Amino acid sequence: MVQPHVQPEAGLNHTSRNGAIVFSVFVFVLAGVLTLAIYQTIQGRIDIAAICITLIVGWLASSSIHFIMEWEKAVIMRFGRFNRIAGPGLVFTLPIVEFYSLRIDQRVMVTYFGAEETLTSDLVPVNVDAVIFWMVFSPKKAALEVEDYPVAVSWLTQTTLRKAIGRATLSKAAMRRDQLDAELKEVLETKLSEWGIDVIDVEVRDIVVPKELQDPMAAEAIAMRERNARMILAEAERDISAMLHDASAAYDGDTDAMHLRTMHLAYESVKNSGGTLVIPSAFSEGFNDPNLAENRIPKNADHK
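Note that residues are indexed from 1 along each chain, following the sequence as it is written. Local features are withheld for residues below a pLDDT of 70 in this predicted model, meaning they are given only at 70 or higher, and side-chain atom pairs are given and counted only at 80 or more; totals for whole chains, interfaces and linings count all residues. Just so you know, side-chain values use all the structure's heavy atoms and leave hydrogens and water out.

A.B. asks: What should I look at first to understand the sheet that holds strand β5 (residues 98-105) in this one?
C.D. replies: Think of a sheet as strands paired side by side through backbone hydrogen bonds, with each pair either parallel or antiparallel. Here the rule is simple: two strands pair whenever DSSP picks up at least two bridges between them. The helix count covers DSSP runs of H or I at least four residues long, the strand count covers runs of E at least two residues long, and both are numbered beginning at the N terminus. Read across the sheet, three strands follow the order β3-β2-β5 without closing on themselves; strand pairing throughout is antiparallel. The two strands at the open ends of the sheet, each matched to only one other strand, are β3 (81-86) and β5. Across the sheet, the mean angle separating the axes of adjacent strands is 30° when strand polarity is ignored. Axes here refer to lines fitted to C-alpha atoms; in helices the fit is confined to the stretch in contact. Angles between the N-to-C directions go from 0 to 180 degrees.

And the structure:
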């Protein structure tokens, strides 16, 4: 059973625009009250015309004075054409002539994306979870070049991840996540920069293989490791046999060297244990060969 993708829950602490909404209402009410007071002072009465004028003036005032948060930029349009980027703080626009069409959040954003049942280059279906950290560096491009840039980022990251997984084998995707992260970031930076968006980081969270493939893949990995171990052992045996062949060629025809090698081997076998080496008398006669110098015999070797 393939594990489903689970999107992390959003944090409980969210920034609020309630203050900006309250400010707009306050401007509307204040402008309406002042207009109503002036009308009553001039006409001496309050009628339907006064109420209509009050509502119009209040609407014009609230639509001309805007409260932009510290992390936001407002895209101001004039007669349907781009005019300027304004904010943060109080922003004033000309009634009817100007309006702000979009507020661009310039904080670092986090978007979760994944690729389900995506085939690798060796035809293994995998589920991949990843996150991208990004921010808008050009509010003008984000407003004019793409309709809904958060949704566009989500879809673009998903399709880019599928393409990257399809070009890699399962082992490469699993063992070289840093390389996959760098590849995704490079591709996304190139495409998203046209929309005024900068990619800060891309992280692959998890690569899930279907359970029915996990046991065969584990058996394959064990078999490969055993094969590599046997190949290394065979290479070591080949090297040892080559060295023994060279050593036998060096001792061939040189009885003195062979006797000395035999004595050294006997000495090495007992020097660490402190024991006594017992050898046949016929073998010891070789040690009494007059052709061998006495000072070449190891002094610490014991013989019986």
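A.B. asks: Sorry, what's going on with empty space enclosed by the protein here?
C.D. replies: To find leftover empty space, a probe the size of one water molecule is rolled over the atoms. Definitions used for this entry: grid spacing 1 Å over protein atoms alone; cavity, a set of points where a 1.4 Å probe fits but cannot get out; pocket, an open set with protein on both sides within 12 Å along at least 5 of 7 lines; lining residue, one with an atom within 4 Å of a point. Grid points are joined across faces, edges and corners, and a volume is the space filled by probe spheres set on the points. Summed over all chains, the structure comprises one cavity of 30 Å³ or more. Put simply, the largest cavity is a space of about 60 Å³. Lining the largest cavity, in full, are A168, K172, A173, R176, Q179, L180 and E183. Breaking the lining of the largest cavity down by element, the ones donating at least two residues are α5 (170-175) and α6 (177-192). Sort the elements by how many residues they give to the lining of the largest cavity and α6 lands first, with three residues. Gly is placed with the polar residues, together with every amino acid not listed as nonpolar (Ala, Val, Leu, Ile, Met, Phe, Trp, Tyr, Cys and Pro) or charged (Asp, Glu, Lys and Arg). Split into classes, the residues belonging to the lining of the largest cavity amount to three nonpolar, one polar and three charged.

A.B. asks: Sorry if this is basic, but what is going on with helix α2 (residues 48-64) here?
C.D. replies: What sets the pattern is the α-helix's 3.6 residues per turn: residues three or four places apart point alike. Its 17 residues place the ends of α2 24 Å apart at the C-alpha level, agreeing with the 24 Å of an ideal helix rising 1.5 Å per residue. Relative accessibility under 20% of the residue-type maximum defines a buried residue, over 50% an exposed one, and the middle range a partly exposed one, all with a 1.4 Å probe and only protein chains included. A50, T54, G58, A61, S62 and S64 are the residues of α2 that are buried. Taken down its axis, α2 places every buried residue within 160° of arc, on the same side. Should any heavy atoms of two residues lie within 4.5 Å, those residues are considered in contact. Check the buried side of α2 and you find it contacts α1 (18-43), β1 (65-68) and β4 (89-92). Given the number of residues in a helix, its expected span is that number minus one, multiplied by 1.5 Å. Within this analysis, the arc is defined by the directions that extend from the helix axis to the C-beta atoms.

A.B. asks: For this particular structure, what's the right way to read the packing of α1 against α2?
C.D. replies: When two helices pack together, you describe them by how their axes are tilted relative to each other and by the distance separating the axes. Contact pair α1 / α2: the axes reach a minimum separation of 8 Å and the direction vectors enclose 145°. The interaxial crossing formed by α1 with α2 has right-handed handedness. Judged by residue contacts, S24, V27, F28, A31, G32, T35, L36 and Y39 of α1 engage A49, A50, I53, T54, L55, V57, G58, W59, A61 and S62 from α2. Of the residues belonging to the contact of α1 with α2, the class tally is 12 nonpolar, six polar and no charged. Left-handed describes a crossing in which the near helix is turned anticlockwise from the far one by less than a right angle; the clockwise case is right-handed.

A.B. asks: Looking at this structure, I do not really get the pattern of salt bridges. What am I missing?
C.D. replies: Think of a salt bridge as a Lys or Arg side-chain nitrogen and an Asp or Glu carboxyl oxygen that are within 4 Å of each other. Applying the stated criterion to the full structure yields eight salt bridges. Where D129 meets R205, a salt bridge forms, and the shortest distance between an N and an O atom there is 4.0 Å. Taken together, the residues D129 in strand β7 (residues 125-136) and R205 in strand β8 (residues 197-208) connect sequence positions 76 residues apart. Sharing partners across several salt bridges, the network here consists of R78, R84 and E98.

A.B. asks: Looking at this model, I keep getting lost on the nonpolar core. Mind explaining?
C.D. replies: Definition of nonpolar core: a set of buried residues of the types Ala, Val, Leu, Ile, Met, Phe, Trp, Tyr and Cys, connected through side-chain atoms within 4.5 Å. If you look at the biggest cluster of nonpolar residues, it comprises 34 residues, and the most contacted ones within it are V126, I132, Y149 and L192. Where this core is concerned, the elements lending two or more residues are β2 (72-78), β6 (109-119), β7, α4 (149-167), α5, α6 and β8. Each residue touching Y149, except ones within four places of it in the same chain, is listed here: L102, I104, D105, W134, V136, A142 and I197.

A.B. asks: How should I be thinking about the packing of aromatic side chains in this particular structure?
C.D. replies: Here a ring pair, both rings aromatic, is described through the centre-centre distance and the interplanar angle of the planes. Note on ring pairs: Phe, Tyr and Trp rings are taken, using the six-membered ring of Trp, and paired if centres are within 6.5 Å. Classes follow the plane angle, with under 30 degrees stacked, over 60 edge-to-face and the rest tilted. Tallied over the entire structure, the rule returns two aromatic pairs. Taken together, a centroid distance of 5.4 Å and an interplanar angle of 40° make the contact between F23 and F67 tilted. One end of the pair, F23, is in helix α1; the other, F67, is in strand β1, with 44 residues separating them in the sequence. On the basis of relative accessibility, which here comes to 23%, the residue F23 falls in the partly exposed class. The class of F67 is partly exposed, set by a relative accessible area of 32%. Between W134 and Y149, the aromatic rings sit 6.1 Å apart at their centres with planes inclined by 90°, giving edge-to-face as the arrangement. Residue W134 is found in strand β7, and its partner Y149 is found in helix α4; the two are separated by 15 residues along the sequence. The same class applies to W134 as to Y149, namely buried.

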